[in-house]
Each structure stands twice: as C-alpha cells, then as structure tokens.
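# Structure at a glance
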Amino acid sequence: MKRAVFIDRDGTLAHEVGYVNHLSRFRLFPWAVDAVRLLNRGGLLAVVVTNQAGVARGYFPERLIGEVHAALNAAMAAGGARLDGIYYCPHHPSAGEPPYRQECGCRKPRPGLLHRAAEDLQIDLARSWVVGDREVDMELARSVGARAFLVKTGYGQGELLWHAASWPRPPDAVAEHLLEAVERILGEAEAEAGAAEPPA
Ligand SMILES: [Mg+2]
Ligand SMILES: [Zn+2]
C-alpha cells in the first residue's frame, strides 16, 4: 500500500481564478512542477483531486477539463515531473441538468474521488495527506483519516483569517504554498520511516 499526497487543483496547484472556463485561464503556480517532482523522487504518489461543478452549471463542457488536464500533464512532463492521477467531480447537487445534477459521492468534501484513487493506485488513505486551500479540502482529509494540510495560496489566507477558528478541528499543518507543504510532508514521511526501523 502506497502513501499519497492528494493535491487540490485551483488555488493550490494553480492560481484560483474562479471557473477555468477556457484553457487560457489555467495558470500553474511557479513552484507546482517542483513540488510534484519532489514527491516523485520521495516515493509518494501525487494525485490531483478537484471539484469542477462548472460542468453541471453549464459554464463549460466536460471535455474542457480533459484539455486542461492534458496541458497540466504536459507542463509536468516538460519539467521532469509526473502526476500519478487526476480525479475530478463534474457534478452539482442542485444546479444544471442530470446526469451532472446529482447528489454524487465524489464532490469534495465527500470522499468518492479518494476512494476511486485508492482502488486504482493501492493507496493507504489513513497514511496519506490532503493539501488544499479551502475548508472542503480539510474536511475531505478528515473523512478518510488522512492528514489535512492547508496552504495560504488561493482562498487559504482568507480561510485562515475569517473561518479557521470555527472549524471543528484546525488543519494539521499550514504552509505558505504547495512546495513548502510537500517539503514538510516528505520530512514527516522520512522521520516516520526512520522511527519504524528496528533499533540497531
Ligand atoms: Mg482550491
Ligand atoms: Zn461528483
């Protein structure tokens, strides 16, 4: 069973710009490729999990998500990095028309995307992390017993300032951005691996 870092897309891996309704609006943070490459080298899976209710709302077709993720994968490959999976939810419980309008199990903070990834990639969710910029990402981590890592990019600063005090539980950790989060996660994973070794 492998350990993974689940990475929110908008606001965490890429700039939060509202709905990415055109490829030109998708802009990776400058440290995004470095962060994923570090995970690759550190032996942790890097998996993107994102809500894309703009599909259900009729703001853009589902195929645009495929185009955006192809560009994302290409940018990673160009920098010698690799995402192990990209999972998204195109649904909304009350907007648009079926099948996109539905009470699905995959809209964060529900854990459907994580369960799908865990099955595809043999991931131990309870020993994994979720990194994101919003409360839903923290709730997502809680729902599977993973560690919740908040970044200050995207909505993160505002979440911390206005809302985090009233969350049922604070995030397990807070970082300036994804790269810092990944560095600290790799440090934790290494320390745990060291601690697990029998004494010499
Ligand atoms: Mg986000
Ligand atoms: Zn869904």
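About the criteria used
- Residues numbered from 1 in each chain as written.
- Chains lettered and ligands numbered in written order.
- Predicted model: local features only at pLDDT ≥ 70, side-chain atom pairs only at ≥ 80, totals over all residues.
- Heavy atoms only, no water.
- Donors = N, O, S within 2.8 Å, 3.2 Å for Na, K, Ca; no water.
- Tetrahedral: all angles 85-135°; square planar, octahedral: opposite > 155°, others 65-115°.
- Buried < 20%, exposed > 50% of the residue type's maximum accessible area, 1.4 Å probe, protein only.
- Helix = DSSP H or I, 4+ residues; strand = E, 2+ residues; numbered from the N terminus.
- Pairing = 2+ DSSP bridges.
- Right-handed = clockwise from strand over helix to strand, strands pointing away.
- Core = buried A, V, L, I, M, F, W, Y, C linked by side-chain atoms within 4.5 Å.

Turning our eyes to something else, we now look at the coordination of the zinc ion (ligand 2). Ideal geometry at a metal centre: 109.5 degrees between donors when four sit tetrahedrally, and 90 or 180 degrees when six sit octahedrally. Distances from the zinc ion (ligand 2) to its protein donors, C89 (SG), H91 (ND1), C104 (SG) and C106 (SG), fall at 2.1 to 2.3 Å. Bound by four donor atoms, the zinc ion (ligand 2) shows angles of 101 to 117° at the metal and therefore tetrahedral coordination geometry. Site description for the zinc ion (ligand 2): donor spacing in sequence, C-x1-H-x12-C-x1-C. Taken individually, C89 and H91 each receive the classification buried, so the pair is uniform in this respect.

If a strand is regular, its side chains alternate between the two faces of the sheet. For strand 1 (residues 4-8), the buried fraction is high: five of the five residues fall into the buried class. Of the two faces of strand 1, the one carrying A4, F6 and D8 and the one carrying V5 and I7 are both buried. Bridge count between strand 1 and strand 2 (residues 45-51): five bridges; the pairing is parallel. Paired with D8 across the bridge in strand 2 is V49. After leaving strand 1, the chain enters helix 1 (residues 32-42) and then returns to the sheet as strand 2, a path that is right-handed. Judged from the three bridges that link them, strand 1 and strand 4 (residues 129-132) form a sheet pairing that is parallel. Its bridge partner being in strand 4, V5 is matched across the sheet by W129.

Moving on to the nonpolar core. Core analysis: the biggest nonpolar cluster contains 36 residues, and L13 and M76 have the highest contact counts within it. The biggest single contributor to this core is helix 6 (residues 178-196), with seven residues. By size, the runner-up hydrophobic cluster in this structure holds 26 residues, among which are L45, C89, A141 and L150.

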